[in-house]
Amino acid sequence: VANKSDLPVYRHCEASVPGHGRSNLQTEIASSPLHLSCKTLDGILELKKLIQQKVLSDDLGSESILVTRLRHKRALQDSLKSLKRSIAALKRRKSLEFVTLDLRTSLDALRELVGEVYSDDLLDVIFREFCIGK
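One structure accompanies this document, and this report is about it. Position labels on residues start from 1 in each chain and follow its written sequence. Per-residue local features are limited, in this predicted model, to residues with pLDDT of at least 70; the limit for side-chain atom pairs, both in listing and counting, is 80 or more; totals at the level of whole chains, interfaces and linings are taken over all residues. Processing note: side-chain calculations cover all non-hydrogen atoms of the structure and skip hydrogens and water entirely.

What follows is about the overall build of the protein. Only runs of H or I of at least four residues qualify as helices and only runs of E of at least two qualify as strands under DSSP, and these elements are numbered from the N terminus. A count of helices and strands for the protein gives six helices and zero strands. Helices (α) and strands (β) of the protein occur, in sequence order from the N terminus, as α-α-α-α-α-α. Exposure classes here rest on a 1.4 Å probe applied to the protein chains alone. A residue is buried below 20% of its type maximum, exposed above 50%, and partly exposed in between. Counting only residues that meet the buried cut, the protein has 17% of its 134 residues in that class. Any two residues whose heavy atoms approach within 4.5 Å are treated as being in contact. Taking the intrachain contacts of the protein between residues at least 6 apart in sequence as the baseline, contacts between residues at least 24 apart amount to 42%.

This part is about a nonpolar patch on the surface. There is a patch of nonpolar side chains on the surface, built from I51, V55 and L56 and spanning about 320 Å² of accessible area. Of note, L56 is situated in helix α3 (residues 44–56). Overall, L56 belongs to the exposed group, its relative accessible area being 62%. For patch building, the residue pool is restricted to those with more than 30% relative accessible area and no salt bridge; the joining distance is 9 Å between like charges and 5 Å between nonpolar side chains (Val, Leu, Ile, Met, Phe, Trp, Tyr). Here the Shrake-Rupley method, with its probe set to 1.4 Å, supplies the accessible areas, and only the displayed protein chains count as covering residues. For this analysis, a salt bridge means a side-chain nitrogen from Lys or Arg found within 4 Å of a carboxyl oxygen belonging to Asp or Glu.

Time to look at the side chain of S82. By secondary structure assignment, the location of S82 is in helix α4 (residues 70–91). For S82, a relative accessible area of 2% gives the class buried. In protein, a polar contact means a hydrogen-donor-capable atom and an acceptor-capable atom, both N or O and within 3.5 Å, with residues adjacent in sequence counting only if both atoms are side-chain atoms; elsewhere, any N or O pair within 3.5 Å suffices. A polar side-chain atom of S82 sits 3.1 Å from a polar atom in the side chain of R85. Beyond its immediate stretch of four places on either side in the chain, S82 contacts D102, T105 and S106.

A few words on the pattern of salt bridges. With the rule as written, the count across this model stands at two salt bridges. Salt-bridge contacts for R85 lead to D102; the nearest nitrogen and oxygen are separated by 3.1 Å. Here R85 is found in helix α4, whereas its partner D102 is found in helix α5 (residues 96–113), with 17 residues between them in sequence. A relative accessible area of 12% means that D102 is categorised as buried. Here D108 and R111 are joined by a salt bridge, their closest N and O atoms 3.6 Å apart. Here R111 and D108 lie together in helix α5, a separation of three residues that amounts to about one turn.

Shown next as structure tokens:
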């Protein structure tokens, strides 16, 4: 995404940007699939549509994900389940408290996955698998 499409330098590539030569700027602008201006909001709707298409598609990239721990798999599944509940609640026009609760549950599952939150179950697994404290 190329920003600042409202600036003359952007449109004409007549000036150089510190750290970039004129040809680098031209190349970067020309190769961008989306041009927008955060100042004038031109292109913002297209950006939102592009993000929505990427999020809703199953193809988020060519990288494959390998989950090697059952605890990680369960956290991802719990997070996904909560996200689906929040989407369903939004579609049914439920109160935002229900949506927020499901979003927080999803986030908590991800936070536990990356180690920001520790549950008693997680501590039991760590002590059991790594023999800490024996």
